[in-house]
Amino acid sequence: DQPLGNWRLKRRVDDGEEIIFKFSPKFVLKAGQSVTVWSANAGVSHSPPSDLLWKSQASWGTGSVMVTSLNNVDGEEVARRSVTKTQMEVENGEGDEEDMAQKGRVSSRECTIM
């Protein structure tokens, strides 16, 4: 089990303002379980401990560069995920995704757990 009380999920989209979700003081993530934090406009019901609804945040946001991190109570970053969207060009509908990936034109994703 991992106590996540007062831990924070932080999200920055492009050069925008960082949004921060704070877990409730007594929240514990049980071994083998997962938790999803949904924004208010996701159409999902608050159903702890697996589904938490962030009622004051309409969206997690989307953009070209999205960085999400998990910080413990001491402010230390314990996990980070960075997603970068890139423009994909297809000429005359030719080329498949594998071909485009080899040319470096498909979105890249990186996830690092510390």
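Along each chain, the written sequence defines residue order, and numbers are assigned to residues from 1. Per-residue local features are limited, in this predicted model, to residues with pLDDT of at least 70; the limit for side-chain atom pairs, both in listing and counting, is 80 or more; totals at the level of whole chains, interfaces and linings are taken over all residues. Side-chain measures were taken over the full set of non-hydrogen atoms in the model, leaving aside hydrogen atoms and water.

A word on unusual backbone geometry
1) Next: The amide bond that connects Pro48 to the next residue, Pro49, takes the cis arrangement and shows omega of 5 degrees.
2) Next: Locating Pro49 in the fold gives a position in the loop between strand 5 (36–39) and strand 6 (51–54).
3) Next: We note that Asn6 has phi near 65 degrees; this positive angle belongs to a residue other than glycine.
4) Next: Labels follow the DSSP assignment, with helices taken as runs of H or I lasting at least four residues and strands as runs of E lasting at least two, numbered in each case from the N terminus. By secondary structure assignment, the location of Asn6 is in the loop between strand 1 (2–3) and strand 2 (8–13).
5) Next: One non-glycine residue, Asp14, lies in positive phi territory at about 50 degrees.
6) Next: Structurally, the position occupied by Asp14 is in the loop between strand 2 and strand 3 (19–22).
7) Next: Classification of Asp14 as partly exposed rests on a relative accessible area of 35%. The cut-offs for exposure are 20% and 50% of the maximum accessible area for each residue type, with area from a 1.4 Å probe on protein chains only; residues under the lower value are buried, those over the upper are exposed, and the others partly exposed.

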